Amino acid sequence: MKKTLTALRKLKIIPDNVNILENYIKNLDISKKVEHSLLSAIPRNYNEFCLLDLRLLFLQHFLAEKFQTKVETIQKLIVKYPRCKHRSFTWYLENIQILRENYEFSDQIILKHGYLLQANPNNLKAIFQEVSTLGGMPLHVITKRRPKILMSSVSNLLETNELLKQHKIRDESVKKYPDIFTLSSKTIASRLQAFDETPQLIPFKTHPRVCRLLYYFTKVKRRLNYLESLEVSGVSLHILSIDKEKFAKYIQLGEIRNKGADVIYFLSDYLKLTRERVRENISVHPHWLQVPAVYLHDVIHYLISTKGISKEQIGSCLPILLYPIARVKEETERVEISGEATKTDTFFLHMVLYYLEKKFHFTGDGIWTTYHQSRHNFLDKEHLGLDGHDENGKAHVDIGSDEDCNSESSDEEEKLEDFDSDDNE
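Small disclaimer: the values here were computed from a predicted structure and weren't measured. (Residues numbered from 1 in each chain as written. Predicted model: local features only at pLDDT ≥ 70, side-chain atom pairs only at ≥ 80, totals over all residues. Heavy atoms only, no water.)

**Brief notes about the overall build of the protein**
Phase 1: When helices and strands are counted, the protein shows 24 helices and two strands.
Phase 2: The burial tally for the protein puts 49% of its 425 residues in the buried class.
Phase 3: Within the protein, counting contacts between residues at least 6 apart in sequence, those at least 24 apart form 70% of the total.
Phase 4: A total accessible area of about 21100 Å² is found for the protein, and carbon and sulfur atoms account for 50% of it. (Helix = DSSP H or I, 4+ residues; strand = E, 2+ residues; numbered from the N terminus. Buried < 20%, exposed > 50% of the residue type's maximum accessible area, 1.4 Å probe, protein only. Contact = heavy atoms within 4.5 Å. Areas by Shrake-Rupley, 256 points an atom, 1.4 Å probe, with all protein chains shown as cover.)

**Brief notes about the nonpolar core**
Phase 1: Residues Phe58, Phe62, Tyr103 and Phe181 are the most contacted members of the largest nonpolar core, which totals 84 residues.
Phase 2: For this core, the leading source of residues is helix H4 (residues 51–67), giving eight residues.
Phase 3: If we ignore the near neighbours within four places in the chain, the residues touching Phe181 are Leu134, Gly135, Ile142, Ile149, Ser152, Asn156, Leu157, Thr160, Asn161, Leu164 and Val174. (Core = buried A, V, L, I, M, F, W, Y, C linked by side-chain atoms within 4.5 Å.)

**Concerning the environment of Val235**
Phase 1: When you line up the elements, Val235 lands in the loop between helix H14 (217–229) and helix H15 (237–241).
Phase 2: When its relative accessible area of 10% is taken as the criterion, Val235 is described as buried.
Phase 3: For Val235 and Val291, which are 56 residues apart along the polypeptide, the C-alpha to C-alpha distance reads 9.5 Å.
Phase 4: For Val235, the contacting residues outside a window of four places in its chain are Phe204, Leu224, Leu227, Leu240, Asn258 and Pro292.

**A closer look at the side chain of Asn161**
Phase 1: Along the polypeptide, Asn161 turns up in helix H10 (residues 154–166).
Phase 2: Exposure remark for Asn161: the relative accessible area of 10% places this residue in the buried category.
Phase 3: Among the polar contacts listed, one links the side chain of Asn161 to the backbone nitrogen of Gly135, at a separation of 3.1 Å.
Phase 4: Excluding its chain neighbours within four sequence positions, the residues that come into contact with Asn161 are Thr133, Leu134, Gly135 and Phe181. (Polar contact = N/O pair within 3.5 Å; in protein donor to acceptor, adjacent residues only side chain to side chain.)

**Re the environment of Thr274**
Phase 1: Along the chain, Thr274 turns up in the loop between helix H17 (260–271) and helix H18 (275–282).
Phase 2: Classification of Thr274 as partly exposed rests on a relative accessible area of 47%.
Phase 3: In this structure, the C-alpha to C-alpha distance between Thr274 and Ile264, residues 10 residues apart in sequence, is 9.2 Å.
Phase 4: A polar contact of 3.1 Å, which involves the side chain of Thr274, links it to the backbone nitrogen of Arg277.

**What to know about the layout of surface pockets**
Phase 1: Space inside the second largest pocket adds up to approximately 270 Å³.
Phase 2: Lining of the second largest pocket is provided by 13 residues; of these, Ile202, Lys205, Thr206, Asp269 and Tyr270 occupy positions nearest its centre.
Phase 3: With three residues, the top contributor of residues to the lining of the second largest pocket is H17.
Phase 4: Across the lining of the second largest pocket, the residue classes tally to four nonpolar, three polar and six charged. (1 Å grid on protein atoms, 1.4 Å probe; cavity = no way out; pocket = protein on both sides within 12 Å on 5 of 7 lines; lining within 4 Å. Points joined across faces, edges and corners; volume = space filled by probe spheres on them. Nonpolar A, V, L, I, M, F, W, Y, C, P; charged D, E, K, R; others polar.)

**Topic: the packing of aromatic side chains**
Phase 1: Under the criterion given, the structure shown has 13 aromatic pairs.
Phase 2: Ring centres of Phe58 and Phe89 lie 5.4 Å apart, and the angle between their planes is 85°; this geometry places the pair in the edge-to-face category. Taken as a pair, Phe58 in helix H4 and Phe89 in helix H6 (residues 89–101) lie far apart in primary sequence, 31 residues in all. As far as burial versus exposure is concerned, Phe58 and Phe89 are alike and both buried.
Phase 3: Measuring from ring centre to ring centre gives 5.5 Å for Tyr354 and Phe362, while their planes differ by 40°; the resulting arrangement is tilted.
Phase 4: Since its relative accessible area comes to 36%, Tyr354 is described here as partly exposed. (Phe/Tyr/Trp six-rings, centres within 6.5 Å; stacked < 30°, edge-to-face > 60°.)

Written as structure tokens, this is what we have:
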């Protein structure tokens, strides 16, 4: 409505005896002092304002008074979150009360995350009443860490929480990346299914950063497909998670390699061994950093599920996991048939390892086969020029932009940063 109040009164749309400002104030349950402050802030010629502009002006001063802040702060907030200007005054009063009392949010937190003022008060109440913990964290803790979670419906939060439990996603991962609860439960369900169907990602299912991979799953899948087109056999969490500029640099320099931390964490978690013991045992092999965790996972599954080898036996002979599963099967059958050792012998896997390396003169080169050699193809400069870069040496393949993560990302979405230094091994 662009006509001024004066024009509306002349048209008899607004009766002459109706005071717009008093109508705004009478349902706000505010003190006389605040009422006087609000009225004094409105220009005397407010009848020359259109109804929408007058309401917006009153709203700005009302929220500024409520939060004891400058009007300019509220103006910036409304510009950033324009839907705020369409909410009723009672909506704001109820929202602010719930956020302050139930969720123990300070005014600074509410103003920093202004989208909270757009939240449905009934949904805020329902979340507080029906959700006690998310990802093993108390509700008031996780919502303070990631307030945007409160913009999700209570049913969505409960469904997502249950999905993560069903797929055995650990609370540790949720604590590291609670943003997972800002996605819809349907999105999470489809991504968890796709995750389980992607062999390269299976070893990372129990990793503390798995929720990050799920949150940025669109980018992760695009990078996996791109690396597969370059015949890169293995990837690391680090490569999948860095921002696009660093990823392009890695591609250009041909520095796509596994991270020791990925392998050590996977084996430590799966075999219930200390990381120190895993590192000490597996690092005796000169090429242990060249074999991706997905191949280790396949060999472990074969030894345990098919051959009935114990985790203790595997833990004492970790280098055997680095070898192609076809060769491990071949040499395992050889040792069994020859009777040189039985599967229950503590040295059984050591005997298998002996035959795996015998014809390579125990140099460690027995791990190289076609699917391991693909990484060396990738490192070839001529191959890089043909498949990864233009004539100027710049990456020209679509590797997934930071904006392409997903449409449900938060307003304050951060770029994916490097992993901790101890994970960049």
